There are 6 protein chains.
Amino acid sequence: MSRVDGRTPEQLRPIGFQRKWLDHAEGSVLVEFGRTRVLVAASVTEGVPRWRKGSGEGWVTAEYSMLPRATHTRGDRESVKGRIGGRTHEISRLIGRSLRAVIDTKALGETTIHLDCDVLQADGGTRTAAITGAYVALADAVTWAREHKLTRKGANPLIGSVAAVSVGIIDGVPMLDLPYEEDVRAETDMNIVCTGDGRFVEVQGTAEKEPFDRALLNDLLDLGARGCAELTTLQRRALEG
Amino acid sequence: MSRVDGRTPEQLRPIGFQRKWLDHAEGSVLVEFGRTRVLVAASVTEGVPRWRKGSGEGWVTAEYSMLPRATHTRGDRESVKGRIGGRTHEISRLIGRSLRAVIDTKALGETTIHLDCDVLQADGGTRTAAITGAYVALADAVTWAREHKLTRKGANPLIGSVAAVSVGIIDGVPMLDLPYEEDVRAETDMNIVCTGDGRFVEVQGTAEKEPFDRALLNDLLDLGARGCAELTTLQRRALEG
Amino acid sequence: MSRVDGRTPEQLRPIGFQRKWLDHAEGSVLVEFGRTRVLVAASVTEGVPRWRKGSGEGWVTAEYSMLPRATHTRGDRESVKGRIGGRTHEISRLIGRSLRAVIDTKALGETTIHLDCDVLQADGGTRTAAITGAYVALADAVTWAREHKLTRKGANPLIGSVAAVSVGIIDGVPMLDLPYEEDVRAETDMNIVCTGDGRFVEVQGTAEKEPFDRALLNDLLDLGARGCAELTTLQRRALEG
Amino acid sequence: MSRVDGRTPEQLRPIGFQRKWLDHAEGSVLVEFGRTRVLVAASVTEGVPRWRKGSGEGWVTAEYSMLPRATHTRGDRESVKGRIGGRTHEISRLIGRSLRAVIDTKALGETTIHLDCDVLQADGGTRTAAITGAYVALADAVTWAREHKLTRKGANPLIGSVAAVSVGIIDGVPMLDLPYEEDVRAETDMNIVCTGDGRFVEVQGTAEKEPFDRALLNDLLDLGARGCAELTTLQRRALEG
Amino acid sequence: MSRVDGRTPEQLRPIGFQRKWLDHAEGSVLVEFGRTRVLVAASVTEGVPRWRKGSGEGWVTAEYSMLPRATHTRGDRESVKGRIGGRTHEISRLIGRSLRAVIDTKALGETTIHLDCDVLQADGGTRTAAITGAYVALADAVTWAREHKLTRKGANPLIGSVAAVSVGIIDGVPMLDLPYEEDVRAETDMNIVCTGDGRFVEVQGTAEKEPFDRALLNDLLDLGARGCAELTTLQRRALEG
Amino acid sequence: MSRVDGRTPEQLRPIGFQRKWLDHAEGSVLVEFGRTRVLVAASVTEGVPRWRKGSGEGWVTAEYSMLPRATHTRGDRESVKGRIGGRTHEISRLIGRSLRAVIDTKALGETTIHLDCDVLQADGGTRTAAITGAYVALADAVTWAREHKLTRKGANPLIGSVAAVSVGIIDGVPMLDLPYEEDVRAETDMNIVCTGDGRFVEVQGTAEKEPFDRALLNDLLDLGARGCAELTTLQRRALEG
């Protein structure tokens, strides 16, 4: 069973992390999952949103967006339309939740980290690439914040790592890390977010064409967990490099 | 291990379906999961959205909203704020996808069914109550559409049933159908959408406090599937009543 | 001269008040004028809008809205359109003004009461049903606020009662409390808001088809005042019940 | 009982109509009620809004707006705020309804007339000045449309005249045509719109401070009807001039 | 080479300034450049925008807008569309910058002056008429602010005068102060803003049809500077009048 | 007189063009002016906007935007704010006009080219980098359109080249291509857009601090024209490479 790009079903696309791609941001990375290219900027600011003031705890939040010509045909800008679409909202919230799973907000103190994930080119898996890249940018931003004494003294706000990957069923076969061409053909589509120690942060599975049974669900969960483990290794290397 | 309201961990709240609660809508139900009360109206209209015209296929879509005082403290209206929040968008999309899983859009023909799910009172599980109730309203609307010859002749657009329930882990124990008070305490929160024949349509699990391992995930999936099976029985009874 | 639903010209539709329909709101009522059904929630909050701070006076305000399928054919949601229509604005303002006529804002102290009037089903007279029901919810909310010491000590902020009804001219005959079917046929349409002691708070008459002379105007005012008096009796009973 | 500006209670302010104040518009007038100054432009366009196409009938509609510094202190622009306020909506709708009362839309044919009423300076009574001036601009626009064969042959779409004035109760005395200073002091505020033959098109009375009884209401209606009759005479003169 | 309206290429249209056209504004002018008519209101308010608080410096800002029927055919209101167009934004910013060039914000102290420039009738050159008129309204507003002790004691915030004019190339000939009819025919269009002592504040030239060479650019700059000098004289006279 | 980065006053920053940076777009470039980095995507689509249909002529338009963390401190997204700022509008319009100066819209036929200019990193001169880069992306897109027979047969829609650069006066000295640090210090700031044959398309000069005289203006124009000539050479090389 060979895939569009010659990979085996359980193989990731070529993954790249170009750290510190931006000069101003406290953390940044240009992450690539095959042809999918996401620029992540992590911005550290003192203080927290109003509803969190006085809590002594920090905040990590994300905004996801796609450039108009990231895709095969040009889409309208959300700034021009004057409103953010449901898909954008949904993915921004997912990225934020995923990253907060590895942050000790008490150790962060009243500091906010924004993760801006802008898709420069899209070829499937943009949300999982964004989460995986955002972790790398976040790690650099936390280091910067600690060096600049913006976090609680002594404590490390970063309490783990997080990575994400898509899995799907095509012609009955579970496959890892789908490019756009496979994504549109998949019967079921699932995004798995795991911590570096192999536990689940998010599991989102959708039957695009046909409801799936428990056995297939188990296969997808196994495949996704293995994919995240590989991405964890690559993230570690990037941060050591 | 007794719960806030005296239920066992694997017990549903009292479930109610008041069918045909509205006079104008082609299908409608006031669904109750304990104190959570959602009014669902199914509206049948000839024709489909522009991007689907000429396809010969129909469309089912949903809009979810909450009245300002559905909750403990009053929230601002989204119409007054001038924009729909991310959570509202996300849930509307989830309801739409879940219902489309049991619709044969070819059999529907170029007809649209809108499912308006308005939460009159919220006490946890509003999205799962909405999906479960929307199925009942949809079934009535499809019957109406068939009687009025708005669907493809001979074929039944309704190819199954769908129900949804929340499950969560509280103090390490998996529990079914969480009210608000339990929801805010849950370490992990999951929404399960199943068809009447026991297959999965959507699985959305989020580690609110602590990432979860595979064993707990399995327990949650089992518990949710059993809850959906019970709801399926109640839906069937309501539609026969 | 018999009407669509068999009433005489000066007869109200069956009127219903289901008090405390909601569990969270400080006052609430599901009010029915025939098939018109409006859910009113009264929310008490400490403090007043910015422009009123430090005045020592309270504030009562209303928001009116219609569910998309309250009507015969589905309307678009204002939250989805991103803007509130002129009709909605106009009615919200009318309800707020009407209720403030029976509130002593000094006695209320710096407390705000929001009246959310959501039309679940529309069959003419939604604004008059909303005002009439809102008074009942307001009375319960004021009682609650007094019990919780949120009003000025000793004084009762509720200084009267208020009710509203529509009147119109159909085929030259003045008629009370028009359902939708009569409303569209009326030559002149008037909404009358009166206090429990029979004085006028608002008089809004519009020649929909033909300008009206002073004699007809007098007849409409008389008929409306009598209708309000009847509604006052029904409100009193509901609040005693 | 003398007034702020020396008038008697039943006297209008100095009224002025500068017709054809604009070079491009098909009808226009700069109308003055004392220091209140409204520029009205009537624009004739072929065709009607979508919902009226094919009906053979025309449409007359109005938009009311206030320049930011029409008032004593500067207000924010609605274009900058990105939304139209309830008051603006309400007045625009009132003007449109009032003018349509003297238009035979069948005789107009499928032609639209927009009445733009922009308040250059506000000193009370802006909506009544707008209606009274809009009639003059409308009359000129209808003449233009007839000359350019944009109306149904033979028929005159203008079937009457319309004027409007405010009345109010100050210290128990009914007074005509209130400037801003009196308006804020009035216990009751009423706007009367009459046709040239003395019938009512709109009656909108609001108890700003104290509910009013039937006797006072009658006095206000009489006073307003007399004021409209005077304005009718002045409109006729302006159109002959 | 005679022009549409009989002027020579280097001649201004008839220029008019009606000072104090409004009763409430601290400064105001109805400025006319031929048939172009702009109403400018200058509003003085204590305090400055948030980002400038505590700086000890004042702020001058402008908002430009066009009435819907200022033009040959009616345009939609920006308040109705819910968003301000690019052209409006651009011109508002240009007017603000131009006026700030002759204001010593330190001498102004923490006071804000808003310049509202509303085009009542448009016939080309609305932005240059707005700037030229706004200077006159600003001068009156500064005088008012000084009399009311709202500026820094002793210092005069007004440190010069400013005027603006359009120039363009038509059939190869540089022409001054283009009306609409010439504007649409111009190959190149330039707006020049100069101080009363002949220096440049803004130079904005655009090749509408054909790129222009340095020689033509020089001619346009000379012509514009001379036009501004004439306008400076007329402004001075108006302010003395 | 040495500059922040060691350049002479009339020296450009290091300029880079990475053509075909995107896989999907018909033309694309990552353009760098020092640390300023703009990603330009040119999208070719059949057809033209509604107002141009049936004219036989094509259209070229641009949208400029900045990623939130392109700058030293994070800015809010315009899509989140729900409205596009004046500066964004202004620059988008400038880029569109500049590029249209070298396009023969008749030769283009009814085809549209969108130029999306997204600033990934900002260090002054983003609009001039965008124009200069957009020309390169446009040239590739036109080639693509001609190969795919989307332009008028035989004719070349690209009739010249266009480049842009900023110039400014710092401490009285005219300087070329200002980075952010110099930009904020400049007394006068000017953007020059020239065609490849040395004529002017746009000249926009603003006295940020001090009005400028004719002699300085001449120096700036000379310096800007020389800078554009250099950029023209670099563009040509990039397109040949």
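Worth saying up front: this structure is predicted, and the values here are computed from it rather than measured.

Undergrad: Would you explain the overall build of chain A in this entry?
TA: Along its length, chain A carries six helices and nine strands. Considered along the principal axes of its C-alpha atoms, chain A spans approximately 55 × 40 × 35 Å. The contacts in chain A between residues at least 6 apart in sequence include a share of 69% that link residues at least 24 apart. Only carbon and sulfur atoms are counted for the fraction: they give 47% of the accessible area of chain A, which is about 9100 Å². Considering chain A, the positive charge centre built from 32 side chains and the negative charge centre built from 34 side chains are found 5 Å apart.

Undergrad: Would you take a moment to explain the interface of chain A and chain F for this structure?
TA: Quite often, the size of an interface is put as the accessible area lost when its parts meet. Taken together, the 35 residues of chain A in the interface contact 35 residues of chain F. Of all residues in chain A, His24(A), Arg69(A) and Arg74(A) bury the most surface against chain F, accounting for 25% of the area lost on that side. The tally of links between chain A and chain F comes to 13 salt bridges. For Glu26(F), the salt bridge identified is with Arg69(A), shortest N-O distance 2.7 Å. The interface formed by chain A and chain F includes 22 residue pairs in polar contact (both at pLDDT 80 or more). For the side of chain A that touches chain F, the elements supplying multiple residues, two or more each, are strand S3 (36-46), strand S4 (59-66), helix H1 (78-81) and strand S5 (111-121) of chain A. With six residues, S5(A) is the largest single contributor of residues to the side of chain A that touches chain F. By residue class, the composition of the side of chain A that touches chain F is 15 nonpolar, nine polar and eleven charged.

Undergrad: Got a minute to help me understand the confidence of the model for chain A in this structure?
TA: In low-pLDDT regions, the fine details of the predicted coordinates are not to be read closely. Averaged over every residue, the pLDDT of chain A is 95; the share at 70 or more is 100%. Predicted as a complex, the structure gets a pTM of 0.90 and an ipTM equal to 0.94.

Undergrad: Hey, could you run me through the relation of the copies chain B and chain C in this one?
TA: Screw-axis analysis of chain B against chain C gives a translation of 0.0 Å along the axis, an RMSD of 0.0 Å, and a rotation angle of 180°. The superposition operator between the copies reduces to a two-fold rotation axis. Of every C-alpha in chain B, the one belonging to Ser79(B) sits nearest the axis of rotation, 1.8 Å from it. A high fraction, 100%, of the interface residues of chain B reappear at the interface in chain C, so the copies pair face to face through one surface.

Undergrad: What's the story with a positive patch on the surface in this structure? I'm lost.
TA: Among the surface-exposed residues, Arg50(A), Lys53(A), Arg50(C), Lys53(C), Arg50(E) and Lys53(E) lie close enough to one another that they form a single positively charged patch. For Arg50(A), a relative accessible area of 75% gives the class exposed.

Undergrad: Help me understand the interface of chain B and chain C, please; the structure alone is not making it clear to me.
TA: Counting from both sides, the interface comprises 35 residues of chain B and, opposite them, 35 residues of chain C. Between chain B and chain C, roughly 3100 Å² of surface is buried when both sides are summed, and carbon and sulfur atoms account for 51% of that area. Looking at the side of chain B facing chain C, the largest losses of area belong to His24(B), Arg69(B) and Arg74(B), adding up to 25% of the total buried there. Inspection of the chain B/chain C interface yields 14 salt bridges.

Undergrad: How should I be thinking about the pattern of salt bridges in this particular structure?
TA: A side chain of one charge can pair with a side chain of the opposite charge if their charged atoms are brought near each other. This structure, assessed with the given rule, holds 130 salt bridges over all chains. Where Glu63(A) meets Arg74(F), a salt bridge forms, and the shortest distance between an N and an O atom there is 3.2 Å. Remark: Arg74(F) occurs in the loop between strand S4 (59-66) and helix H1 (78-81) and Glu63(A) occurs in strand S4; the pair is interchain, linking two chains. Across this residue pair, the class does not change: Glu63(A) and Arg74(F) are buried. For Glu182(D), the salt bridge is made with Arg3(D), and the minimal N-O distance between the two is 2.7 Å. Pair noted here: Glu182(D) is in helix H5 (residues 180-183) and Arg3(D) is in the segment before strand S1 (15-19), with a separation of 179 residues, a long-range link. Neither Glu182(D) nor Arg3(D) differs from the other in exposure class; each is buried.

Undergrad: Before we go on, may I ask you to explain the UniProt feature "binding site: phosphate" (unreviewed entry) in chain A in this structure?
TA: Residues and elements named next belong to chain A. Taking the numbering used here, the UniProt-annotated feature "binding site: phosphate" (unreviewed entry) corresponds to Arg87, Gly125, Thr126 and Arg127. Spanning 41 residues, the named residues form one tight spatial group whose C-alpha atoms are at most 13.5 Å apart. Counting through the fold element by element, Arg87 comes out in helix H2 (residues 86-100). There is a polar contact of 3.2 Å between the side chain of Arg87 and the side chain of Tyr64. Looking at the secondary structure, you find Thr126 in helix H4 (residues 126-147). Apart from residues lying up to four places away in sequence, Thr126 is in contact with Thr36, Val38, Tyr64, Met66, Arg87 and Val119.

Undergrad: Honestly, the packing of aromatic side chains in this entry has me stumped. Any pointers?
TA: What characterises a pair of aromatic rings is the spacing of the ring centres plus the angle enclosed by the ring planes. Throughout the structure, instances matching the rule amount to twelve aromatic pairs over all chains. Ring geometry for Phe200(A) against Phe212(B): centres 5.9 Å apart, planes inclined by 25°, an arrangement best described as stacked. Taken together, the residues span two chains, with Phe200(A) in strand S9 (residues 200-207) and Phe212(B) in the loop between strand S9 (200-207) and helix H6 (214-240). A single burial state applies to Phe200(A) and to Phe212(B), both of which are buried. Ring centres of Trp51(C) and Trp59(C) lie 4.9 Å apart, and the angle between their planes is 85°; on these two criteria the pair is classed as edge-to-face. Accessibility expressed as a relative area gives 57% for Trp51(C), which makes it exposed. Residue Trp59(C) is classed as buried on the basis of its relative accessible area, which comes to 16%. The ring of Trp21(F) has Arg37(A) sitting right over it, with the charged end atom 4.6 Å from the ring centre.

Undergrad: Looking at this model, I keep getting lost on the arrangement of the chains. Mind explaining?
TA: Without any contact between them, chain A and chain D keep their closest C-alpha atoms 11 Å apart. The smallest C-alpha distance separating chain B from chain E is 11 Å, and no contact links them.

Undergrad: What's the story with the relation of the copies chain A and chain F in this structure? I'm lost.
TA: Turning one copy of the chain about an axis and sliding it along that axis gives the other copy, so a rotation and a shift relate them. Between chain A and chain F, the superposition needs a rotation of 180° and an axial shift of 0.0 Å, giving an RMSD of 0.0 Å. With an isologous cut-off of 70% or more, the 100% of interface residues of chain A that recur at the interface of chain F puts this contact in the isologous class.

Undergrad: Explain unusual backbone geometry to me, please; I cannot follow it from the model alone.
TA: Excluding glycine, residues mostly carry a negative phi; peptide bonds, for their part, are mostly trans. Phi at Asp177(A) is positive, roughly 55°, even though this residue is not glycine. Look at Lys20(F): it is not a glycine, yet its phi comes out positive at around 55°. Secondary-structure assignment places Lys20(F) in the loop between strand S1 (15-19) and strand S2 (27-33).

Undergrad: Where do I start with the environment of Ala163(C) in this structure?
TA: All names here are of chain C. Residue position: Ala163 is located in strand S6 (residues 162-170). Taking C-alpha positions, Ala163 is 25 Å from Val48, a pair spaced 115 residues apart along the chain. When sequence neighbours within four positions are dropped, the list of residues in contact with Ala163 reads Thr132, Ile192, Val193, Cys194, Cys228, Leu231, Thr232 and Gln235.

Undergrad: How should I be thinking about the sheet that holds strand S9 (residues 200-207) of chain D in this particular structure?
TA: Two orientations exist for strands paired in a sheet by backbone hydrogen bonds: parallel and antiparallel. Pairing is antiparallel in the open sheet, where eight strands are placed in the order S7(C)-S6(C)-S8(C)-S9(C)-S9(D)-S8(D)-S6(D)-S7(D). Edge positions in the sheet fall to strand S7 (173-176) of chain C together with strand S7 (173-176) of chain D, since each has one partner strand and no second. Strand-to-strand twist in this sheet, taken as the mean axis angle between neighbours without regard to direction, amounts to 15°. Taken together, the eight bridges between strand S6 (residues 162-170) of chain D and strand S8 (residues 188-195) of chain D define a ladder with antiparallel strand orientation.

Undergrad: Would you mind showing me how to read the UniProt feature "domain: Exoribonuclease phosphorolytic" (unreviewed entry) in chain A here?
TA: Residue and element names in this part refer to chain A. When the UniProt feature table is mapped onto this chain, "domain: Exoribonuclease phosphorolytic" (unreviewed entry) is found at residues 11-141 and 161-226. Regarding residues 11-141, the helix share stands at 30% and the strand share at 32%, and the terminal C-alpha atoms are separated by 30 Å. From the first C-alpha to the last, residues 161-226 spans 15 Å; its make-up is 26% helix and 44% strand.

Undergrad: Help me understand the environment of Val142(C) in this model?
TA: Residues and elements named next belong to chain C. With respect to the element layout, Val142 can be found in helix H4 (residues 126-147). Linking Val142 and Ala122, residues 20 residues apart in sequence, is a C-alpha distance of 28 Å. Residues within four places of Val142 in sequence aside, it is in contact with Ile103, Ile113, Asn156, Pro157 and Leu158.

Undergrad: Sorry if this is basic, but what is going on with the packing of helix H6 (residues 214-240) of chain E against helix H6 (residues 214-240) of chain F here?
TA: For any two helices packed against each other, the geometry is given by the interaxial angle and the distance between the axes. Running from amino to carboxyl end, H6(E) crosses H6(F) at an angle of 155°, the nearest separation of the two axes being 13 Å. The orientation of H6(E) with respect to H6(F), classified from their angle, is roughly antiparallel. The two elements H6(E) and H6(F) cross, and the hand of that crossing is right-handed. When H6(E) is examined against H6(F), the residues Arg214(E), Leu217(E), Asn218(E), Leu221(E) and Asp222(E) are found in contact with a partner set consisting of Arg214(F), Leu217(F), Asn218(F), Leu221(F) and Asp222(F).

Undergrad: Looking at this structure, how should I read H4(A)?
TA: Think of an α-helix as 3.6 residues a turn; residues three or four steps apart then line up on the same face. Residues and elements named next belong to chain A. Helix length check: H4, at 22 residues, gives a terminal C-alpha distance of 31 Å against a target of 32 Å (1.5 Å per residue), a fit within 8%. Counting buried positions along H4 gives 18 out of 22 residues, so the element sits mostly inside the fold. Backbone geometry just after H4 places Lys149 at a positive phi near 60°.

The rules behind the values
- Residues numbered from 1 in each chain as written.
- Chains lettered and ligands numbered in written order.
- Predicted model: local features only at pLDDT ≥ 70, side-chain atom pairs only at ≥ 80, totals over all residues.
- Heavy atoms only, no water.
- Helix = DSSP H or I, 4+ residues; strand = E, 2+ residues; numbered from the N terminus.
- Contact = heavy atoms within 4.5 Å.
- Areas by Shrake-Rupley, 256 points an atom, 1.4 Å probe, with all protein chains shown as cover.
- Lys, Arg positive; Asp, Glu negative; His and termini not counted.
- Charge placed at Lys NZ, Arg CZ, Asp CG, Glu CD.
- Buried area = accessible area lost by both parts, 1.4 Å probe.
- Salt bridge = Lys/Arg side-chain N within 4 Å of Asp/Glu carboxyl O.
- Polar contact = N/O pair within 3.5 Å; in protein donor to acceptor, adjacent residues only side chain to side chain.
- Nonpolar A, V, L, I, M, F, W, Y, C, P; charged D, E, K, R; others polar.
- pLDDT = per-residue confidence, 0-100.
- Least-squares fit on C-alpha atoms with pLDDT ≥ 70 in both.
- Patch = residues over 30% accessible without salt bridge, like charges linked within 9 Å, V, L, I, M, F, W, Y side chains within 5 Å.
- Buried < 20%, exposed > 50% of the residue type's maximum accessible area, 1.4 Å probe, protein only.
- UniProt positions renumbered as here; feature names shortened; annotations may be inferred.
- Phe/Tyr/Trp six-rings, centres within 6.5 Å; stacked < 30°, edge-to-face > 60°.
- Lys NZ or Arg CZ within 6 Å of the ring centre and 35° of its normal.
- Pairing = 2+ DSSP bridges.
- Axes fitted to C-alpha atoms, helices over the stretch in contact; angles between N-to-C directions.
- Parallel < 35°, antiparallel > 145°, perpendicular 65-115°, else oblique.
- Left-handed = near helix turned anticlockwise from the far one by under 90°.
- Expected span 1.5 Å × (residues − 1).

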